[in-house]
Amino acid sequence: MKNKNVSIKVKGWLFAILWIISLSVFAQNITVRGTVADENNEPVIGATVIVSGDPSHGTITDIDGKYILPNVPADGSLEFRFVGMKNLVVPVNGKTTLNVVMESDVQALEELVVIGYGTQRKEAVTGSVASVRGDVLQEMPSSNITQALQGRIPGVEMAQTSSKPGAAMQIRIRGTRSLNASNDPLVVLDGIPFAGSIGDINPNDIKSIDILKDASATAIYGSRGANGVILVTTNKGTVGQKAQISYNGYYGAKDIFAKYPMMDGPEFVALRKAAGKFQNAKDESDDVNTDWQDLFYKTGMVTDHNLAILGGTKQGNYNFSADYYQEEAVIPGQNYNRITLRGALEQGIGNYLRFGITTNNNYSVNNGSSLGLYGVLSLSPIANPYNEDGTWKRTVMMPLDEQWVYSREIIENLGDKWKDQSKAFGSYNTLYGEAKIPGVEGLKYRLNIGLNYRNTNGGSYTGEGVFSSVPTTPSTASISNSLTTSWVVENLLTYDHTFAEKHQLNIMGMYSAEETSYNSSNISAKDIPADHFQFYNLGTAQGEITINPNNQNYYQSGLKSWMGRIMYNYDNRYMLTAVLRSDGSSRLAPGHQWHTYPAISLGWNIKNESFMENISSINMLKLRAGYGQTSNQAVNPYATLGLLSTRPYNFGDTYSTGYYVSELPNPNLGWEYSETWNYGVDFTLLNNRLSGSLEYYVTNTKDILLRVNLPNTSGVGSYMANIGESQNKGWEVSLNGTILENVNGWTWEAGVNFYGKSLL
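For clarity, every value in this text was computed on a predicted model and none was experimentally measured.

What counts as what
Residues numbered from 1 in each chain as written. Predicted model: local features only at pLDDT ≥ 70, side-chain atom pairs only at ≥ 80, totals over all residues. Heavy atoms only, no water. Helix = DSSP H or I, 4+ residues; strand = E, 2+ residues; numbered from the N terminus. Buried < 20%, exposed > 50% of the residue type's maximum accessible area, 1.4 Å probe, protein only. Contact = heavy atoms within 4.5 Å. Areas by Shrake-Rupley, 256 points an atom, 1.4 Å probe, with all protein chains shown as cover. Lys, Arg positive; Asp, Glu negative; His and termini not counted. Charge placed at Lys NZ, Arg CZ, Asp CG, Glu CD. Pairing = 2+ DSSP bridges. Salt bridge = Lys/Arg side-chain N within 4 Å of Asp/Glu carboxyl O. Patch = residues over 30% accessible without salt bridge, like charges linked within 9 Å, V, L, I, M, F, W, Y side chains within 5 Å. Phe/Tyr/Trp six-rings, centres within 6.5 Å; stacked < 30°, edge-to-face > 60°. Lys NZ or Arg CZ within 6 Å of the ring centre and 35° of its normal.

(A) A look at the overall build of the chain. Across its full length, the chain carries eight helices and 40 strands. For the chain, the spread of C-alpha atoms along the three principal axes comes to 145 × 65 × 60 Å. For the chain, the proportion of its 760 residues judged to be buried stands at 46%. Restricting to contacts in the chain with at least 6 residues of sequence separation, those with at least 24 account for 66%. Within the structure as shown, the chain displays about 38,700 Å² of accessible surface, and the carbon and sulfur contribution to it stands at 56%. Taking the average place of the 59 positive charges on the side chains of the chain and the average place of its 70 negative ones, the gap between the two points comes to 9 Å.

Shown next as structure tokens:
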């Protein structure tokens, strides 16, 4: 009996121990749920919730700010993260419900700047970068963003080279570098070099624009960024966001700002008398005063309608938009219409994978672009445009010539007798896939793919006698077509980590390849049998049909590149960025196709030093300096092979076409490259109400690609070579201030830019 009691006691103790162990095991893993809110008690959508020490074990909050996370250690901690808010770590302490409130992080909310394959806080940038928010650009209705950018950024010149509807402005970042090739900057849309023109991007879709100006900033894009880089970031939805539908539209009238300063009738009569030349022609009279510009210009209009939907899923976001833009010029017959469709989708898969796709498509029709003002401005102000019965004269006689009469009524009533139209369709598509490498925090691989297509079709028709003083001048018609296709593939490996809370390190390596194909053609004809044929069937022409070989074109070119970049930041005080890139271009001669160039920039945040702590009037003060080299493949494809041209000739009774060497080959043709030194200071004062920057730069361009003319005795006109040097230097000042800040709901901001440059 005694032994039995011992057995019962032993079994009781074993049961108690096992019960305690099982309770302990159960307590190690619990399910935690709760709500994440901000300081205003609004739900934080898409906040990241992870187990401290295990970043792969986590979830995100839903549209109500709620979360559920299973298998959480009861004695562990949860970490809450969201962009623009301070990270929050909360001990679990065995609780199954944790409701938290996250605070705004003023430092994290500072303006983020896109720097190429990444972003940085503005105060950590060491290169010359200027930024403009998309909502600022949308304050000015325009067909493209160049008009809205004008005058906003120092060192960036916007020149209005055409007043035609839909025309983009010429962009020059810190002046002209190349004497032979394009000086247009590279446009990068959502991280991928953009194959279209900047006018193909709908301003309503833009979130921000960042412009890289100096070589230390642009070197990451290699030869494509030799003339500066414009980084365009478009709107996206937010993870977990409810679908939002928005409409934005406007309508406005257009009129000429000022007429060309031409003489009126009495002034013109006085000039002729003073000169003692020219007698009035039969259509002229001293008592006539015709304002031809008044008879020609009309009131134009501009309208835009944009419909967008954006939102997010548990691990993704989306944004789709449609836009219609129409612009009627003040010149009759000129108008521009554009339809834009855009879609963007990003989706995460688990904790390690993410992919996205963006497509930008636009279709535009441009009418009347060939009609200018020369014919209007050259008409005599004392010539009467009307017949005795009040109808329009076809032409007016002047002392030296006879001129066709231009007026808005005549142009608008031409009907099928005149048509000048250009249609364009572009599709620009990017795909990416991103994978975090398990086991190495901060290491990820990204694949970018860009696929682009652009097609243009143009046609023009001028009926018999139209725009001509001779009524029997034969009708003419022409058609033109061009097709551009391109692809780009970029492989990026990035390591981003912070050591000991003060050492921020970002290392990136990239290998990329791209190829562009282009072909165009043009055909013209005379004497079209009927106006309604216009340019749609040139084969019916009764006159000459011309296929000029100089108006036909084809090329295919490729570029391969590798790049490495290191960005280091110590305690947000001392910053270093170093880039090494090499490009290989198919446009240059074998043995000279590759060029490697370095770039380095330094920054010092003086405000973050201990001796600046008590100076409250200065919010940010940063010095920076940089050196970089960029190159330019500023030659047409196949320029290294020389050039053959054609010339027609008669060989007896036979009409033939001959070929001759018009440009010699150059087996030593290499890269044109530039070296740039840049020095700058950025500052923010008076509780962030006054900010600005001062910059000075010097750019030396060497081995300029230029044609060398040869004497006639050589039998060849020229050859392409690396000759000459140039220097471009200047200074830039930018000041921005908040004069009134939320005073009875009113905010008044002002900005001013100054810059000067010289070219040697």
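(B) Examining the pairing of strand 1 (residues 30–37) more closely. Alignment of strand 1 against strand 4 (residues 66–72), held across five bridges, turns out to be antiparallel. Across the sheet, T35 pairs through a bridge with K66, a residue of strand 4.

(C) Focus on the pattern of salt bridges. Within this structure, the stated rule accounts for 27 salt bridges. K702 is the salt-bridge partner of E675, the closest N and O atoms lying 3.5 Å from each other. Here E675, found in strand 35 (residues 672–685), pairs with K702, found in strand 36 (residues 690–702); they are 27 residues apart in sequence, far enough to count as distant. Put simply, R174, K213, K622, R624, D682, E695 and E732 are held in one network by salt bridges that share partners.

(D) How the structure looks around unusual backbone geometry. Of note, the phi angle at F278 is positive, near 70°, even though the residue is not glycine. Within the secondary structure, F278 sits in the loop between helix 5 (265–275) and helix 6 (292–296). Assessed through its relative accessible area of 45%, F278 is described here as partly exposed. Of note in the backbone geometry, N688 takes a positive phi value of approximately 65° without being a glycine.

(E) Seen up close, the pairing of strand 19 (residues 316–328). Summarising burial for strand 19: 10 of the 13 residues are buried, a large majority. Here 12 bridges tie strand 18 (residues 300–312) to strand 19, and the two strands are oriented antiparallel to one another. Residue V302 lies in a different strand from strand 19, and its bridge partner there is E327. Once strand 18 ends, the chain turns through three residues before running back antiparallel as strand 19. In this sheet, strand 20 (residues 335–349) lies alongside strand 19 in antiparallel orientation, the contact comprising 13 bridges. Considered in strand 20, the bridge of N319 is made with A344. Following strand 19, the chain reverses through six residues before pairing antiparallel with strand 20; G333 in that reversal takes a positive phi of roughly 85°.

(F) Highlighting a nonpolar patch on the surface. On the surface, W677, Y679, Y696, W731, L735, V752 and F754 cluster together to form a nonpolar patch covering roughly 670 Å² of accessible area. Secondary-structure elements contributing two or more residues to the nonpolar patch are strand 35, strand 39 (726–743) and strand 40 (746–759). With respect to the secondary-structure elements, W731 resides in strand 39. On the basis of relative accessibility, which here comes to 44%, the residue W731 falls in the partly exposed class.

(G) Spotlight on the packing of aromatic side chains. For the coordinates displayed, the defined rule picks out 16 aromatic pairs. Relative to F80, the ring of Y67 lies with its centre 5.7 Å away and its plane at 75°, an arrangement referred to as edge-to-face. Taken together, the residues Y67 in strand 4 and F80 in strand 5 (residues 77–81) connect sequence positions 13 residues apart. Take Y67 and F80: they sit in the same class, and that class is buried. Chaining the aromatic ring pairs together yields one cluster made of W404, Y406, W418 and F467. If you follow R446 out to its NZ or CZ, it ends over the ring of Y432, 3.9 Å from the centre. A cation over a ring is seen here: R587 above Y555, with NZ or CZ 5.7 Å from the ring centre.

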